[in-house]
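Listed below, chain by chain, are the residues.
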Amino acid sequence: MRRGPATVWRSGQSAALGGDMGRTARPLLSSLLGLGLLLLLCSWGCPGNAHRRPPPPIIGAGIGGTSAAVYLRQKFGRSVKIDVFERGEVGGRLATTVVQGQEYESGGAVIHPLNLHMKRFVKDLGLPTLQLSGGVTGVYNGEKMVFEESSWFIVNILKLIWHYGLQSLRMHMWVEDVLDKFMRIYRLQANDYAFSSVEKLLHSLGGDEFLEILNQTLNETLHKAGFSQNFISEIVAPIMRVNYGQSTNINGFVGAVSMASTDSGLWSVEGGNKLVCSGLLETSESNLIHGSVMFIEDKTKIKKPGDPRRTYEVVYQVGSETYSDTYEVILVATPLIREIANITFLNFDPPIEEFHQQYQHIVTTFVKGKLNTYLFCPKCRDGFGYSTILTTDKSKLLVNSIGIVTSVYEPSYIQPSKDGTGIWKMFARQTLNKHQVSRLFNSYIYASKQPWLAYPRYQPPEKCPSIVLHDQVYYLNSIECAASAMEMSAISAHNVALLLYHRWNGYDGMIDQEGLYERLKIEL
């Protein structure tokens, strides 16, 4: 095994000074070194400053890992060297797929107007954006369209009232209530407060209500709120299928996050949402290591009697070469499941428990061709008119959704397809073969497919993994058990950076405080 080069500040050590000087310069050198040592000790130990500045390596360069790099840089300063390990492409589950020379979003595609972290990232990076607008949606149950949108807003409202009464308005109010409470996190993070578990974070925002909906299915949550099964099956379930590849058996909190995607004002980054990750990585001045982490081993060293210092050795592979480096803090920003990050934790006491959380397998398939419109709408002889088709649980189709898409550089106004011709993006739980694609399309040019372990398979009651896996090992993706989304990862990144900083410096009063929102309102 070959060890990587020594790093400034790694394991609390500074780089050695070399060379020799004449005798006349030594008193001056001694004075300067003494002054430098005094300033250094003060910067580590004086009130209001960090005791020491650990180099926090990050495993994973998706939106969580790259935003964590920025927040850690803000808290620990420019002198710290931050290593970011990524075995694949920067961006992780934010990715694009090339179809006949054009790029299309194949991972996380849309951003909500209330995603304040993402909005700030994009603004600070100076990235242009594309507004998502237009498009007509139909809901297909396997036999017919059970709900059909209109291109006129007022007509849509009347249709929803005709079919479901005022339930769509009540749904909007329920989602708004959840979002309003959840947005308290921005004020808490602006005041540097952090939480050591997902449950404590959610409880600080929505109290027992948030923990209740986290630990019951969306179907149970909505039934208790008085929604009809018909509305849940025909409107809510199709939205869960397109956003999370699952139905209303997911937890109530992620269901609210999913329903928020029906709001207006959704947008994306021109050129692909993955550009946010590469921009944050550059802004944070992190050192990107294109390697796969294989082992993390707990190694406790003794700095001096009575002063144990815990260190962790990271063993990683770059190409055919194996390296190792030692750190005092580890931040894991990738799902800890064998299929995604096959990392082994060695010699941990207590041991880091095995992760049994399952992730939902989703295949994104792009097809350029002419959709079999008769399959979905036999009566549409004068024009198909749909840009998106969602499916119910009873549809028995292999796909969760089919929709026309534009490239990451095109204006995102989506015109309805009159004859079914376009570039269609499909989400399915398995790879579609030629026969299955032929049933959906009259003619086509098969374009591309991208399999994902996209998000957790939600099975409430949820038991969220620990954020603090070990003394100084942190797990950013724990928050995905509540809901998986770009903004959720950014929120978790900020929380973990604050938690790491406060625990490192002993600022316990900034962690897991109750009643923060009301307290901050009184202070204002």
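You'll find the structure just up there.
Conventions used here
Residues numbered from 1 in each chain as written. Predicted model: local features only at pLDDT ≥ 70, side-chain atom pairs only at ≥ 80, totals over all residues. Heavy atoms only, no water. Helix = DSSP H or I, 4+ residues; strand = E, 2+ residues; numbered from the N terminus. Contact = heavy atoms within 4.5 Å. Areas by Shrake-Rupley, 256 points an atom, 1.4 Å probe, with all protein chains shown as cover. Disulfide = S-S within 2.5 Å. Buried < 20%, exposed > 50% of the residue type's maximum accessible area, 1.4 Å probe, protein only. Pairing = 2+ DSSP bridges. Phe/Tyr/Trp six-rings, centres within 6.5 Å; stacked < 30°, edge-to-face > 60°. Polar contact = N/O pair within 3.5 Å; in protein donor to acceptor, adjacent residues only side chain to side chain. Axes fitted to C-alpha atoms, helices over the stretch in contact; angles between N-to-C directions. Patch = residues over 30% accessible without salt bridge, like charges linked within 9 Å, V, L, I, M, F, W, Y side chains within 5 Å. Salt bridge = Lys/Arg side-chain N within 4 Å of Asp/Glu carboxyl O. Left-handed = near helix turned anticlockwise from the far one by under 90°. Nonpolar A, V, L, I, M, F, W, Y, C, P; charged D, E, K, R; others polar.

J.: I'd like a rundown of the overall build of the protein chain, residues and numbers included.
T.: For the protein chain, the helix and strand inventory stands at 15 helices and 23 strands. Contacts in the protein chain between residues far apart in sequence, at least 24 positions, make up 74% of those at least 6 positions apart. For the protein chain, the accessible surface area stands at approximately 24400 Å², while carbon and sulfur atoms represent 54% of it.

J.: Describe the state of the cysteines, with residues and values.
T.: Each disulfide consists of a covalent bond between the sulfur atoms of two cysteine residues. Taken as a whole, this structure holds one disulfide when the rule is applied. Between C464 and C481 runs a disulfide, and the two sulfur atoms are separated by 2.0 Å. On the sign convention where negative means left-handed, the S-S torsion of about 95 degrees between C464 and C481 marks this disulfide as right-handed. Here C481 lies in the loop between β23 (473–475) and α14 (486–505) and C464 lies in the loop between β21 (441–456) and β22 (468–470), a separation of 17 residues in the sequence. Judged by its relative accessible area of 8%, C464 falls in the buried class.

J.: How would you summarise the side chain of S401 if you had to cite specific residues and measurements?
T.: Positionally, S401 belongs in strand β18 (residues 399–404). The residues contacting S401, other than those within four sequence positions of it, are V242, I389, L390, T391, K425, M426 and F427.

J.: Explain the pairing of strand β3 (residues 96–99) to me, using residue names and the numbers behind them.
T.: Consecutive residues of a regular strand have side chains that alternate between opposite faces of the sheet. Relative to strand β4 (residues 102–105), β3 is paired through four bridges, and the arrangement is antiparallel. Its bridge partner being in β4, T97 is matched across the sheet by Y104. A loop of two residues connects β3 with β4, the two strands running antiparallel in sequence, and Q100 in this loop sits at a positive phi of about 50 degrees.

J.: Help me get a handle on the sheet that holds β22, residues and values and all.
T.: Read across the open sheet, the six strands follow the order β10-β2-β1-β14-β23-β22; overall the sheet is mixed. In this open sheet, the two edge strands, each paired with only one partner strand, are β10 (287–289) and β22. Where strand β1 (residues 58–59) lies against strand β2 (residues 83–85), two bridges are found, and the strand directions are parallel. The partner of I59 across the bridge, within β2, is F85.

J.: Lay out the packing of aromatic side chains in plain terms, naming residues and giving numbers.
T.: Tallying each qualifying case throughout the model produces 19 aromatic pairs. Both rings, one in Y71 and one in F121, keep their centres 6.0 Å apart while their planes meet at 50 degrees; by these two values the pair is tilted. Taken as a pair, Y71 in helix α2 (residues 63–76) and F121 in helix α3 (residues 116–125) lie far apart in primary sequence, 50 residues in all. Both residues of the pair, Y71 and F121, count as buried.

J.: Please provide a residue-by-residue account of the environment of D512, values included.
T.: Its location among the elements puts D512 in the loop between α14 and α15 (516–523). For D512, a relative accessible area of 24% puts it in the partly exposed group. Along the primary structure D512 and S204 are separated by 308 residues, whereas in three dimensions their C-alpha atoms are 8.3 Å apart. A distance of 2.5 Å separates a polar atom in the side chain of D512 from a polar atom in the side chain of S196.

J.: Which residues make up the sheet that holds strand β7 (residues 137–140), and what are the values?
T.: One open sheet holds the seven strands; their spatial order is β8-β7-β17-β18-β20-β16-β21, and the pairing between them is mixed. Looking at strand neighbours, the two that pair on one side only are β8 (145–148) and β21, the edges of this open sheet. Taken over all neighbouring pairs, the strand axes of this sheet differ in orientation by 20 degrees on average, direction set aside. One ladder, built from five bridges, connects β18 with strand β20 (residues 421–428); its direction is antiparallel. Bridge pairing in β20 links G403 to K425. The sheet strands contacting helix α9 (residues 229–244) are β7, β8, β16 (359–371), β17 (388–391), β18, β20 and β21, and the helix crosses β17 at an angle near 105 degrees.

J.: Lay out helix α11 (residues 274–283) in plain terms, naming residues and giving numbers.
T.: By the burial criterion, the buried members of α11 are V276, C277, G279, L280 and L281. Here the buried face of α11 lies against α2, β2, α3, β9 (267–269) and β10. Phi turns positive one or two residues past the end of α11, at E285, with a value near 55 degrees.

J.: So, a nonpolar patch on the surface: which residues are in play, and what are the values?
T.: Judged by side-chain polarity, W152, F153, I154, V155, I157, L158, I161, L166, L169 and M173 come together as a nonpolar surface patch covering roughly 1000 Å² of accessible area. Going through the elements one at a time, α4 (153–164) and α5 (167–182) are the ones with two or more residues in the nonpolar patch. It is α4 that contributes the most residues to the nonpolar patch, six residues altogether. The residue F153 is located in helix α4 in this model. The class for F153 is exposed, based on a relative accessible area of 64%.

J.: I'd love a proper account of the packing of α2 against α14, names of residues and values included.
T.: Helix packing geometry: the angle between the two helix axes and the distance between the axes. Running from N to C, α2 and α14 point in directions that differ by 35 degrees, and their axes come no closer than 8 Å. Crossing angle aside, the handedness with which α2 passes α14 is right-handed. Between α2 and α14, the contacting residues are I63, G64, S67, A68, Y71, L72, K75 and F76 on the first element and M486, S489, A490, A493, H494, A497, L498, L500, Y501 and W504 on the second. Residues belonging to the contact of α2 with α14 are distributed by class as follows: 13 nonpolar, four polar and one charged.

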